[in-house]
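# Tertiary structure, described
One letter stands for each residue in the lines below.
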Amino acid sequence: MEEKGKQLRVFLVDVVTKDTNTALLVDRMRELESLVDTYGGIVILQKYQKRQEPDHRTYVGKGKLEEIIADMQRLGANTLIIWNILKSRQIFYIQEILRPYNIDIRDRVDLILKIFDKHATSMESRLQVELAAIRHMGPRIFGMGIELGRQWGWWSGAMRGLGETNTERMKRHLKEKVLKIEKELKQYENMRKLHRESRIKKGMPTVWIVGYTNTGKSSLLNAMTKKGILAENKLFATLGTHVGNLYIMTDSETGQGKEVLLNDTIGFIRDLPPKLIKSFSSTLEDSIESNLLLHVIDASDPFIEERIEVVNHILDEIWAKQKRILVFNKIDLIDKIQLAELKKHFPEKGNVWISVKNIEWLDQVKLAIMENL
Ligand SMILES: Nc1nc2c(ncn2[C@@H]2O[C@H](COP(=O)(O)OP(=O)(O)OP(=O)(O)O)[C@@H](O)[C@H]2O)c(=O)[nH]1
Ligand SMILES: [Mg+2]
């Protein structure tokens, strides 16, 4: 797999059915391209392949794979990334075919995990990423033998000396590793629980910022609490949890106020396997227990409805039952007509329309929080 310092020159392939809508195709590819960019690679070529059923061995089909190899060799690409989530034995089989050409294969989840790994800063998020990686790649590893150490740096140490062909031992080792990580994560979880309980005792309400990746969640937290968290035009810039204190007036006559905890966390993305989300469940658990959710949406996104749906779906999946306020952000990027159309499309009174670039508008977010707590 990629050695340190090697530039990732990527060929993207998306395998779709005949009836997939064209705009959606373009968006899927664009999102995958942003993921590659976030990871620091460059896209050399991208291709769609229409196929009703994936090939059970090579996913894209053997003939197609040969064409891909030829293209990649001609253009000097070294990594094949497939949008779809492949079975471990398919990746194994393709890797075997690609080996003589010095080309690596990944699916989209591999790539997301690599980005997570790069962005994980806290001990807790590192453990969560490690768990997610084992869950996603685990079964693949059993067939991969020697690939393991080279593919994931953090395993190589543990795996050296194990005799990498001994899959039984490897299986056992991974199982033990999972148990160990789960145990460590449990400690963080308990700590969170204690914090949560103490906040509840103090009567301090919590508000969670959730939403699709890159919609401006961290920017909003920064703007409202002057936190200074990294916000950038990359997917999954935030992995851990960030908290800021926000002071809101509850009584304009007496000047009485209340302190609210505002939290920001990992963004969501379409078609994430549930087991991957589950790895971050301890972080997400806090959001389930919060008093209110701010669902931040990128108003300039052409696929706004699908993205809202993805977020709602994940929130439902983690049983987040509290009220969700829709915060349409980045309205500085659309014109008046587009804004009017959007407002017509999402007419609910509680919706908030802002741009974090315009600090004055943020009072609306405060107001919405006030009204809903
Ligand atoms: N034009 C404009 N850009 C914005 C606005 N809000 C955020 N951005 C930009 O959008 C990008 C993503 O912002 P973040 O705050 O990192 O987004 P996030 O939702 O926290 O992203 P992840 O943590 O990666 O999921 C950054 O480049 C921000 O500068 C806005 O209102 N208008
Ligand atoms: Mg963020």
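Preceding block: the structure.
Our subject in this report is the structure included herewith. (Residues numbered from 1 in each chain as written. Chains lettered and ligands numbered in written order. Predicted model: local features only at pLDDT ≥ 70, side-chain atom pairs only at ≥ 80, totals over all residues. Heavy atoms only, no water.)

End to end, helix 2 (residues 62–75) covers 20 Å across 14 residues, agreeing with the expected 20 Å (1.5 Å per residue, within 8%). Within helix 2 the residues assigned to the buried category are Leu65, Ile68, Ile69, Asp71 and Met72. Buried residues of helix 2, viewed axially, fall in a sector of 165°; they line one side. Its buried side turned inward, helix 2 meets strand 1 (9–16), strand 2 (42–50), strand 3 (79–82) and helix 3 (88–98). (Helix = DSSP H or I, 4+ residues; strand = E, 2+ residues; numbered from the N terminus. Expected span 1.5 Å × (residues − 1). Buried < 20%, exposed > 50% of the residue type's maximum accessible area, 1.4 Å probe, protein only. Arc of directions from axis to C-beta. Contact = heavy atoms within 4.5 Å.)

Further remarks concern the layout of surface pockets. Of the voids in this model, the largest pocket is the one considered here, and its volume is about 540 Å³. Arg192, Gly240, Thr241, His242 and Val243 are the residues nearest the centre of the largest pocket, which is lined by 27 residues in total. Listing elements by their share of the lining of the largest pocket, those giving two or more residues are helix 5 (123–144), helix 8 (167–202), strand 6 (242–251) and helix 11 (281–289). Residues that form the lining of the largest pocket fall into these classes: eight nonpolar, 13 polar and six charged. (1 Å grid on protein atoms, 1.4 Å probe; cavity = no way out; pocket = protein on both sides within 12 Å on 5 of 7 lines; lining within 4 Å. Points joined across faces, edges and corners; volume = space filled by probe spheres on them. Nonpolar A, V, L, I, M, F, W, Y, C, P; charged D, E, K, R; others polar.)

Right, let's talk about empty space enclosed by the protein for a bit. Tallying each qualifying case throughout the model produces one cavity of 30 Å³ or more. The computed volume of the largest cavity comes to approximately 100 Å³. Here the lining of the largest cavity is built from residues that sort into 10 nonpolar, one polar and no charged.

Let us now look at unusual backbone geometry. The phi torsion at tyrosine 59 lies on the positive side, around 65°, for a residue other than glycine. Residues other than glycine seldom take positive phi values, yet lysine 330 does so here, at roughly 65°.

So, about the site of ligand 1. In the neighbourhood of ligand 1, 23 residues make up the surrounding shell, with Lys217, Ser219, Ala237, Thr238 and Asp332 lying closest. Between ligand 1 and lysine 217, the relevant distance is 2.6 Å, taken from an oxygen atom to a side-chain nitrogen or oxygen of the residue. Within the backbone of valine 356, an N or O atom sits 3.0 Å from an oxygen atom of ligand 1. When the residues that make up the shell around ligand 1 are grouped by side-chain class, the tally is six nonpolar, 11 polar and six charged. (Near = heavy atom within 4 Å. Polar contact = N/O pair within 3.5 Å; in protein donor to acceptor, adjacent residues only side chain to side chain.)

Their axes nearest at 10 Å, the elements helix 1 (residues 22–39) and helix 4 (residues 108–119) cross at an angle of 35°. The handedness of the crossing between helix 1 and helix 4 is left-handed. On helix 4, the residues touching Glu31, Leu32, Leu35, Val36, Thr38 and Tyr39 of helix 1 are Arg108, Leu111, Ile112, Lys114, Ile115, Lys118 and His119. Considered class by class, the residues forming the contact of helix 1 with helix 4 number seven nonpolar, two polar and four charged. (Axes fitted to C-alpha atoms, helices over the stretch in contact; angles between N-to-C directions. Left-handed = near helix turned anticlockwise from the far one by under 90°.)

Here we come to the pattern of salt bridges. Once their charged atoms are close, side chains differing in charge can pair, the charge on each being opposite to the other. Taken as a whole, this structure holds 22 salt bridges when the rule is applied. In this structure, the salt-bridge partner of lysine 62 is glutamate 66, at a minimum N-O distance of 3.7 Å. Residue lysine 62 and its partner glutamate 66 are located together in helix 2, separated by four residues, close to a single helical turn. For glutamate 66, a relative accessible area of 48% translates into the label partly exposed. Where arginine 74 meets aspartate 71, a salt bridge forms, and the shortest distance between an N and an O atom there is 2.7 Å. With arginine 74 and aspartate 71 both in helix 2, this residue pair falls three residues apart, about one helical turn. In this structure arginine 74 comes out as exposed when scored by relative accessible area, which is 59%. Judged by relative accessible area, which is 12%, aspartate 71 ranks as buried. (Salt bridge = Lys/Arg side-chain N within 4 Å of Asp/Glu carboxyl O.)

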